[in-house]
Amino acid sequence: MTSSGPGAGTTAGAGPAGLVLAIDAGNSKTDVAVIAADGAIVGTARGGGFRPPAVGVEAAVDAVADAVGRAFAEAGVASVAHVSACLANADLPVEEEQLAAALHARAWGASVEVRNDTFAILRAGVAEPRGVAVVCGAGINCVGMRPDGRTARFPAIGRISGDWGGGWGLAEEALWHAARAEDGRGGPTTLARTLPAHFGLTSMYALIEALHLEHIGNARRHELTPVLFATAVDGDPVARAIVDRLADEVVAMAMVALTRLDLLTEETPVLLGGSILAARHPQLDDRVHEVLAIRAPKAVPRVVTARPVLGAALLGLDHVGAQEEVHTRVRSFYEQA
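Each chain carries its own residue numbering, running from 1 in the direction its sequence is written. Given that the model is predicted, a residue must reach a pLDDT of at least 70 before its local features are reported, and side-chain atom pairs must reach 80 or more before they are shown or counted; all residues, however, enter totals for whole chains, interfaces and linings. Just so you know, side-chain values use all the structure's heavy atoms and leave hydrogens and water out.

**Regarding the overall build of the chain**
(1) Moving on: By the criteria applied, helices consist of DSSP H or I runs no shorter than four residues and strands consist of E runs no shorter than two, each listed in order from the N terminus. When helices and strands are tallied, the chain shows 13 helices and eleven strands.
(2) Moving on: Here the C-alpha atoms of the chain give a radius of gyration of 21 Å, agreeing with the 20 Å that 2.2 N^0.38 yields for 337 residues.
(3) Moving on: Counting only C-alpha atoms and orienting by the principal axes, one finds that the chain spans roughly 70 × 45 × 35 Å.
(4) Moving on: For the chain, the proportion of contacts with a sequence separation of at least 24, taken over those separated by at least 6, is 69%.
(5) Moving on: Of the roughly 14400 Å² of accessible surface on the chain, a fraction of 54% belongs to carbon and sulfur atoms.
(6) Moving on: His is not counted, nor are the chain ends, whereas Lys and Arg count as positive and Asp and Glu as negative. All charge positions are set by atom: Lys at NZ, Arg at CZ, Asp at CG, Glu at CD. One finds the centroid of the 28 positive side-chain charges in the chain at a distance of 2 Å from the centroid of its 38 negative side-chain charges. Radius of gyration: over C-alpha atoms. The globule rule applied is 2.2 Å multiplied by the number of residues raised to the 0.38 power. Whether two residues are in contact is decided by their heavy atoms, any of which lying within 4.5 Å being enough. Per-residue accessibility takes into account occlusion by the displayed protein chains alone, with areas from the Shrake-Rupley method and a 1.4 Å probe.

**Re the packing of helix α5 (residues 166-183) against helix α8 (residues 224-233)**
(1) Moving on: Interaxial distance between α5 and α8 falls to 8 Å at its minimum, and their mutual angle equals 60 degrees. Here α5 runs over α8; the crossing is left-handed. For the pair α5 and α8, contact is made by Gly-167, Leu-170, Ala-171, Ala-174 and Leu-175 and by Leu-224, Thr-225, Leu-228 and Phe-229, respectively.
(2) Moving on: Within the contact of α5 with α8, the residues separate by chemical class into seven nonpolar, two polar and no charged. Only the stretch in contact is used when a helix axis is fitted, and all axes are lines through C-alpha atoms; the angle between N-to-C directions ranges over 0 to 180 degrees. For a crossing to be left-handed, the near helix must be turned anticlockwise from the far one by less than a right angle; the clockwise case is right-handed. The residue classification treats Ala, Val, Leu, Ile, Met, Phe, Trp, Tyr, Cys and Pro as nonpolar and Asp, Glu, Lys and Arg as charged. All others, Gly included, are polar.

**A few points about the layout of surface pockets**
(1) Moving on: Throughout, the protein atoms alone are placed on a 1 Å grid, and a set of points is a cavity if a 1.4 Å probe fits but cannot get out or a pocket if it is open with protein on both sides within 12 Å along at least five of seven lines; lining residues have an atom within 4 Å of a point. Grid points are joined across faces, edges and corners, and a volume is the space filled by probe spheres set on the points. Estimates place the volume of the largest pocket at around 1500 Å³.
(2) Moving on: Looking at the largest pocket, it is lined by 48 residues, and the ones nearest its centre are Asn-27, Gly-137, Ala-138, Gly-139 and Ile-140.
(3) Moving on: Secondary structure elements with two or more residues in the lining of the largest pocket: α1 (52-55), α4 (118-124), β8 (140-145), α5, α8 and α10 (275-278).
(4) Moving on: For the lining of the largest pocket, the class distribution of residues is 18 nonpolar, 20 polar and ten charged.

**A short note on the sheet that holds strand β10 (residues 268-273)**
(1) Moving on: Pairing between strands requires that DSSP locate at least two bridges from one strand to the other. Here we have five strands laid out as an open sheet, ordered β9-β8-β7-β10-β11, and mixed in their pairing. Looking at which strands have only one partner, the edges of the open sheet turn out to be β9 (151-153) and β11 (299-303). Shown here is a sheet whose adjacent strand axes are inclined to one another by a mean of 15 degrees, direction ignored.

Rendered as structure tokens:
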């Protein structure tokens, strides 16, 4: 978490109309909102994905700038008192610092605070900045926070940081088992039939060739994750074992965050977000609840359905010291949308 520029301690009502600019920028889309001092949402816009590793920081911020410009135009403002940005690919403190500097240079607000986008899902799901969130979409991540400012987080940059799971990881795991089933190195699994069938192919060999030669685009691998879950529902033991492993990984991350923040002995929300967890696949959902109940009986798991930009907005209001009724008005806007 980083803050830069003058006005880092401004209160609601200070600065340009006392406004907060909330940014939730994920890999596939960006949502922005301009919030007035009384909690009214006076400007919103949606833009494309935020992918600094692929296009560079400046080009990624340019994509966000388009949405910000449209939201500012709707709100009739040129800047705000504070920018609260929850960004994908802000996985390390040094990346948060770099991105905060890049956003501050755009002069959208007197102060800028950048967090990983997982914090947006956490804050969207709790009445105060207290709890743990596990997000499983394209990748997997977990964060926790307490009102005193303490946080728990993971690098969450893939296998080199110990991560397993997310749609991409699940697809790769399913492909691995299916390939070995077809050539005899592994045990049988229906995945050897269902994965290639999704692309109209008759064998894993044909699918391997199509992926390797890029006859099927690399980005389409994520389409195999729903196939994995459907195969698990049909009872395939290998597919079911992969789903169980994901549930165990979700619980493991939550347990570490709860332990780091001394929250195991308190009733604490554990928010589940991202496309995979929000889909409420019965086997995955049931196992997460069952294992968490054993390992952390006071944890209260629930799925977050609110748009993550709500969390970015609430974090911004926390920063400027907005009154509770302002928080309530913003939450009502998004929860009724």
